[in-house]
Amino acid sequence: MTTNSRVKKIGVFTSGGDAPGMNAAIRAVVRTAIFHGIEVVGVREGYNGLIEGHFTKMGPRSVSNIINLGGTILKSARSMEFKTPEGRKKAFENCQQQGIEALVCIGGDGTFTGAQIFSEEHGIKVIGVPGTIDNDIFGTDFTIGFDTALNTAMEAIDKIRDTATSHSRVFFIEVMGRDAGFIALNSGIATGAVDILIPERNDSLEDLFRNFEKAKKRGKNSSIVVIAEGETLASTYELANKTKEKFPDYDIRVAILGHIQRGGSPSCADRVLASRLGYGAVIGLMKGLTNVMAGIRSNQLVYTPIEDAIKKHNEINQDLLQISEILAL
Ligand code: ATP
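Going by the annotation in an unreviewed UniProt entry, the name recorded for the protein chain is ATP-dependent 6-phosphofructokinase, with Chryseobacterium taklimakanense given as the source organism. Quoted verbatim from the Pathway (unreviewed entry) field of UniProt, the annotation for the protein chain is "Carbohydrate degradation; glycolysis; D-glyceraldehyde 3-phosphate and glycerone phosphate from D-glucose: step 3/4." Heading Sequence similarities (unreviewed entry) of the UniProt record for the protein chain holds this comment: "Belongs to the phosphofructokinase type A (PFKA) family. ATP-dependent PFK group I subfamily. Prokaryotic clade 'B1' sub-subfamily."

See below:
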């Protein structure tokens, strides 16, 4: 994972699902590299841009006024062609033509899988920066975009709570997280949800109904249930329908928060995290690291083998699960 030759030119791109704070990460990569005399090429639209040759020379001013912007100025894409050896060969030839010796890959585990395969096949250096709202990457306490998405979800749920209380309604609110319940668990605790359903736990309808009965006995006249998109028990609409069958007098509504959770200006925490990780990626490359991901653990910059970042998983904090149950009293 360590090589000795000094890197003179790097490429940077964003890939997979976009996340607030990706721009702050691009800015940090560009400015840290330029500070250390390394040239930077921006690759547009992730792996598609490597294959199609969508390259832009980046300087300190090309990343002015972007730290506060959601989305990604380099655009993101999901590239089927990069999953083929032919696609990756084209991508490597373009890198060679540009003189790109190393790539900073900002994205989620799919992006890292692609980077690892590309590096093994063609020997190009790669370093990952975890940019995904789901917070499901091993090797970092937080991923870029998670904090902003969480705050967006929390604000939306707060607003729904106002109407739920006024009309004595039960709301089933679905938040993002295809495979992970971090947004659901944290936003659920932050908004006082009566129940939180996440894919990491074996939820049951019996437990859900028991929580409703308890809430009713304690005099709650409205309830919020937060459900992760990837919940395996049933879809959010099915859960709402089954609850209606069980409690016909409930006035039940469903809200799917959807893509608003990906957008918006990044929070302060995400801007700082993205700045640290973008900086850390370039420093890592300068130290000769490759096939690793930059992360922050216990407030320290750390590098984790990409293989571990892809294969291992961050566990859900059991204390948070217990807290969510106790505080729903
Ligand atoms: P998010 O977690 O936000 O969805 P992600 O990085 O996991 O982000 P993916 O769509 O899974 O998003 O992956 C991004 C891109 O990485 C894919 O479109 C593809 O180009 C590349 N990629 C993913 N898996 C592979 C693979 N096995 N081989 C080559 N490339 C891959």
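Caption draft 1: View of the domain arrangement of the protein chain. Entries for the protein chain in the domain assignment read domain 1 (9-145 + 266-311) and domain 2 (147-262). Distance from the C-alpha centre of domain 1 to the C-alpha centre of domain 2: 34 Å. Across the boundary between the two partners, domain 1 contributes 13 residues, which contact eleven residues of domain 2. Taken over both partners, the interface formed by domain 1 and domain 2 buries close to 1,000 Å², and the fraction arising from carbon and sulfur atoms is 49%. Put simply, domain 1 and domain 2 have zero salt bridges between them. Here domain 1 is connected to domain 2 by eight residue pairs in polar contact (both at pLDDT 80 or more).

Caption draft 2: Representation of the site of the ligand within the structure. Within the structure, the ligand sits among 18 residues, and Arg 78, Ser 79, Gly 110, Thr 111 and Arg 178 are positioned closest to it. At 2.5 Å, a side-chain N or O of Arg 78 approaches an oxygen atom of the ligand. Between the ligand and Asp 109 there is a distance of 3.1 Å, counted from an oxygen atom to a side-chain nitrogen or oxygen. When the ligand sits alone it has 630 Å² of accessible area, and the protein chains cover 85% of it. Here the ligand is seated within the largest pocket. Residue composition of the shell around the ligand, by class: three nonpolar, ten polar and five charged.

Caption draft 3: How the structure looks around the sheet that holds strand S6 (residues 170-175). Judged by pairing direction, the sheet is parallel, and its four strands sit side by side in the order S7-S8-S6-S9 without closing on themselves. On the outer flanks of this sheet lie strand S7 (195-197) and strand S9 (252-256), each paired with one strand and no other. Put simply, the sheet's adjacent strands are angled 20 degrees from each other on average, direction ignored. Sheet analysis places S6 next to strand S8 (residues 223-228), joined by six bridges and oriented parallel. Within S8, the residue paired with Val 175 across the bridge is Ala 228. On the sheet, helix H5 (residues 146-166) packs against S6, S8 and S9 and is oriented at approximately 165 degrees with respect to S6.

Criteria and cut-off values
Residues numbered from 1 in each chain as written. Predicted model: local features only at pLDDT ≥ 70, side-chain atom pairs only at ≥ 80, totals over all residues. Heavy atoms only, no water. UniProt positions renumbered as here; feature names shortened; annotations may be inferred. Domains from an automatic or database assignment. Contact = heavy atoms within 4.5 Å. Buried area = accessible area lost by both parts, 1.4 Å probe. Salt bridge = Lys/Arg side-chain N within 4 Å of Asp/Glu carboxyl O. Polar contact = N/O pair within 3.5 Å; in protein donor to acceptor, adjacent residues only side chain to side chain. Near = heavy atom within 4 Å. Areas by Shrake-Rupley, 256 points an atom, 1.4 Å probe, with all protein chains shown as cover. 1 Å grid on protein atoms, 1.4 Å probe; cavity = no way out; pocket = protein on both sides within 12 Å on 5 of 7 lines; lining within 4 Å. Sits in = over half its atoms within 2 Å of the grid points. Nonpolar A, V, L, I, M, F, W, Y, C, P; charged D, E, K, R; others polar. Pairing = 2+ DSSP bridges. Helix = DSSP H or I, 4+ residues; strand = E, 2+ residues; numbered from the N terminus. Axes fitted to C-alpha atoms, helices over the stretch in contact; angles between N-to-C directions.

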